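For reference, the chains in residue letters:
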Amino acid sequence: MFILELTYTAPLDRIEAAHPEHVAWLDTHYESGVFIASGPKNPRDGAVIVAVGVDRAQIEDITKDDPYSVAGLAEYSITNFRAMRTSAALEEYRHQRPA
């Protein structure tokens, strides 16, 4: 599981202008099952995405294709972690300890 933290590096008017392309990019990765949650931070200086099912190299490639990244509007911080406890709704993503 990955936490992708975006930090905006451009004014919000430029972020808003690129938002439709960013949403289309998000939709692609939701449809593939890689993204399971996302949304803006408060205060709105970036956003967070929760991703699953791929390795770090794939996540890095995915973030490079974000229209915000391509246009130099945001930078990513990627944190990989093992979800040892989850709600029932996220049980399929829970990391199992080796037997």
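Above this text is the structure in question.
Just so we're clear, the structure is a prediction, and the values are computed from it rather than from any experiment.

Calculation notes
- Residues numbered from 1 in each chain as written.
- Predicted model: local features only at pLDDT ≥ 70, side-chain atom pairs only at ≥ 80, totals over all residues.
- Heavy atoms only, no water.
- Helix = DSSP H or I, 4+ residues; strand = E, 2+ residues; numbered from the N terminus.
- Expected span 1.5 Å × (residues − 1).
- Bend = angle between axes of the 7 residues up to and from the residue.
- Buried < 20%, exposed > 50% of the residue type's maximum accessible area, 1.4 Å probe, protein only.
- Contact = heavy atoms within 4.5 Å.
- Pairing = 2+ DSSP bridges.
- Axes fitted to C-alpha atoms, helices over the stretch in contact; angles between N-to-C directions.

Chemist: Help me understand helix α1 (residues 12-31) in this model?
Modeler: Along an α-helix, a turn takes 3.6 residues, which lines up residues three or four apart on a common side. End to end, α1 covers 27 Å across 20 residues, agreeing with the expected 28 Å (1.5 Å per residue, within 8%). The largest bend in α1 amounts to roughly 50° and is located at H19, with the proline P20 lying one to four residues further along. Along α1, the residues that are buried comprise I15, A18, H22, W25, L26 and H29. The inward-facing, buried residues of α1 contact β1 (2-8), β2 (35-40), β3 (46-51), α2 (56-64), α3 (67-70) and β4 (74-80). G33 occupies a position one or two residues after α1 and carries a positive phi of about 90°.

Chemist: When you look at the sheet that holds β3 in this model, what are you seeing that I'm missing?
Modeler: By definition, the strands of a sheet pair up through backbone hydrogen bonds, in either a parallel or an antiparallel sense. What the 4 strands build is an open sheet, ordered β2-β3-β1-β4; its pairing is antiparallel. Sheet topology places β2 and β4 at the edges, where each strand pairs with a single neighbour. Between one strand and the next, the sheet's axes are offset by a mean angle of 15°, whatever the strand orientation. When β1 meets β4, the two strands line up antiparallel, connected through 7 bridges. Residue E5 lies in a different strand from β4, and its bridge partner there is S77.

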